[in-house]
Amino acid sequence: MTATADFDKLDRLRPQRLEPLRALRAFRKLIRNKEDTTQVFEIMRALSGRSIGRGYNRMLKSLEGGRQAFLREELAHKLDDPVWLSRFEPGSVGAAYRAFREARGFTAEGLADEARKVAPLVDAQHPVVWYSRRIRDVHDVWHVLTGYGTDALGEACVVSFSYAQTRNLGFAFIGWGAAREVQREAPSVPARRAVWQAYRNGRAARWLPGLDYEALFEQPLEAVRERLNIRPATVYEGIPGELRARLKLRG
């Protein structure tokens, strides 16, 4: 690879301008096929703006966040390691995450593969890009911490929580857009209220991106929720589970 090509790559690491029309096109594709995770990353790429760089800089302003940035460990490697996951005791965050992924067949690397389809520099050895991978890799961990499921409304809620934590407009776009579609499908379901509560819960919680997740996995889930001030998802949990499971984005 030439030196010019290398500089071109580094140049593209500058904050991207917001592209709402590109995000809208991707969201329409996502509505037609909820399983098309690539469109989620397309939306995030279109609307991330300066949020990733600002999030990384925020990590550096705390002792633990700065330590994590210095270590720059790849969470995906741990999260996909069955031996590592098997060590956690029942009731711990790690055990809850293990059960979450076993029930759904999810892998951190699978999510990374989807991201690579739209973000060719996602594996770049650069601190800000590393932070973007970290936010991607903790998505399912935040499902576990917040209690939101992987149904359409649960995903809308967890990304709304994520918007409050990261200020990434891509999360807000997906969360409110998905809530609108769910509400159209099932007017009696308080989708918008559930998403609004998730956002407020995200605002109230401690800042999660800079945590030591390896240490967190060893701790009791309920104690961690209390310590991090992650409030119960009462609106979402008030919707019967069988109804939540039937909710889908309109095609």
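Residues numbered from 1 in each chain as written. Predicted model: local features only at pLDDT ≥ 70, side-chain atom pairs only at ≥ 80, totals over all residues. Heavy atoms only, no water.

A. Local environment of the confidence of the model for the chain. Chain-level statistics for the chain give a pLDDT mean of 90 and a share of 92% at 70 or above. Of the regions scoring below 50 in pLDDT, residues 1–10 engages in three contacts with residues more than four places distant in sequence or in other chains. (pLDDT = per-residue confidence, 0-100. Contact = heavy atoms within 4.5 Å.)

B. Structural detail: unusual backbone geometry. Even without being glycine, Arg 72 reaches a positive phi, approximately 50 degrees. Within the secondary structure, Arg 72 is located in the loop between α5 (63–71) and α6 (75–79). Of note in this structure, Asn 229 is not a glycine but carries a positive phi near 55 degrees. You can see Asn 229 is positioned in the loop between α16 (221–227) and α17 (234–237). (Helix = DSSP H or I, 4+ residues; strand = E, 2+ residues; numbered from the N terminus.)

C. Spotlight on the packing of helix α8 (residues 93–104) against helix α11 (residues 139–146). Direction vectors running N to C along α8 and α11 enclose 115 degrees, while the axes themselves pass 10 Å from each other. Classed by the angle they form, the pair α8 and α11 counts as roughly perpendicular. Judged by the sense of rotation from one axis to the other, the crossing of α8 with α11 is right-handed. Contacts between α8 and α11 involve Val 93, Ala 96, Tyr 97 and Phe 100 on the former and, on the latter, Asp 140, Val 141, His 143, Val 144 and Leu 145. The residue makeup of the contact of α8 with α11, split by class, is seven nonpolar, one polar and one charged. (Axes fitted to C-alpha atoms, helices over the stretch in contact; angles between N-to-C directions. Parallel < 35°, antiparallel > 145°, perpendicular 65-115°, else oblique. Left-handed = near helix turned anticlockwise from the far one by under 90°. Nonpolar A, V, L, I, M, F, W, Y, C, P; charged D, E, K, R; others polar.)

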